[in-house]
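Descriptive structure summary
Next come the chains, spelled out residue by residue.
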Amino acid sequence: MSVLELMKSEKMPEEQLIEKEAVEEVITDTLNVVNLQRRKERKNAYQILGSVIAFLILLLFLDSMSWQIDTILFTGFGVLFPLFCAGGFLALLCSGILRKINGKPCGQTMLFAILLLCLLILFAGLFFLTGVLGIGPIPE
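For the structure given in this document, a descriptive report is provided here. Counting starts from 1 at the beginning of each chain's written sequence and moves along it residue by residue. Whole-chain, interface and lining totals are the exception, using all residues; otherwise, since this is a predicted model, local features are given only for residues with pLDDT of at least 70 and side-chain atom pairs are given and counted only at 80 or more. Only heavy atoms go into the side-chain values, all of them from the structure, while hydrogens and water stay out.

If you trace the backbone, Thr 109 turns up in helix H5 (residues 107-133). Whether two residues are in contact is decided by their heavy atoms: any pair within 4.5 Å suffices. Dropping the residues within four chain positions of it, Thr 109 is found in contact with Leu 92, Ser 95, Gly 96 and Arg 99. Think of it this way: any DSSP run of H or I at least four residues long counts as a helix, any run of E at least two long counts as a strand, and we number them from the N terminus.

Turning next to the packing of aromatic side chains. Planes of paired rings set the category: under 30 degrees apart is stacked, over 60 is edge-to-face and the rest tilted, where pairs are Phe, Tyr or Trp rings (Trp by its six-membered ring) whose centres lie within 6.5 Å. Scanning the entire structure with this criterion turns up two aromatic pairs. Between the aromatic rings of Phe 127 and Phe 128, the centroid separation amounts to 5.9 Å while the plane-to-plane angle is 70°, which identifies the pairing as edge-to-face. For every residue, the accessible area obtained with a 1.4 Å probe (protein chains only) is divided by the maximum for its type, and the residue is called buried under 20%, exposed over 50%, and partly exposed between those limits. For Phe 128, a relative accessible area of 57% translates into the label exposed.

Moving on to the packing of helix H4 (residues 69-101) against H5. For any two helices packed against each other, one specifies the crossing angle of their axes together with the interaxial distance. Two elements in contact, H4 and H5, have axes whose closest approach is 8 Å; the angle formed by their N-to-C orientations is 155°. When the axes of H4 and H5 are compared, the pair comes out roughly antiparallel. Crossing of H4 over H5 shows left-handed handedness. Any residue outside Ala, Val, Leu, Ile, Met, Phe, Trp, Tyr, Cys, Pro, Asp, Glu, Lys and Arg is labelled polar, Gly included; the first ten of those are nonpolar and the last four are charged. Considering only residue class, the contact of H4 with H5 consists of 18 nonpolar, four polar and one charged. Where helices are involved, their axes are fitted lines through C-alpha atoms of the stretch in contact, as for all axes, and angles between N-to-C directions lie from 0 to 180°. Here the angle decides the label: under 35 degrees means roughly parallel, over 145 means roughly antiparallel, 65 to 115 means roughly perpendicular, and every other value means oblique. In this scheme the handedness of a crossing depends on how the near helix is turned from the far one: anticlockwise by less than a right angle means left-handed, clockwise means right-handed.

Below, the discussion takes up H5. For a helix, the expected span equals 1.5 Å multiplied by the number of residues minus one. Compared with the 39 Å implied by 1.5 Å per residue over 27 residues, the 38 Å span of H5 between its first and last C-alpha is a close match. Every buried residue belonging to H5 is among Thr 109, Ala 113 and Leu 116, and all of these are buried. Those residues of H5 that are buried lie in contact with H4. Looking one or two residues past H5, Gly 134 carries a phi angle of roughly 75°, positive in sign.

In structure tokens:
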């Protein structure tokens, strides 16, 4: 059994074992699979690292607020949520535009960007409505 037969996982005729193109194709395919696997492993490592960093920042944030629930809720809903919506909208919009320029499908990315923008507008409208009606937390 030849190395080429092992790599393709099939029995091949003698004539095909000598063809240079077949050997090059199998080696190229194998190298492509290895590169793809390395990219996936690197992406997984970055996701784990990012999650750990985000969790540590969250813990430090909560600790700096002395774990007071009203301060945490006000900061979370009043500051972080709108920033998340605005930042997510901008990031997804730029990503969608780049995908469009590169000829890749961008509909789903643009849809999520528009949804985040609508969520931000809805939140801002509700925030102002509670202020106008006097039912929100108004400092004295």
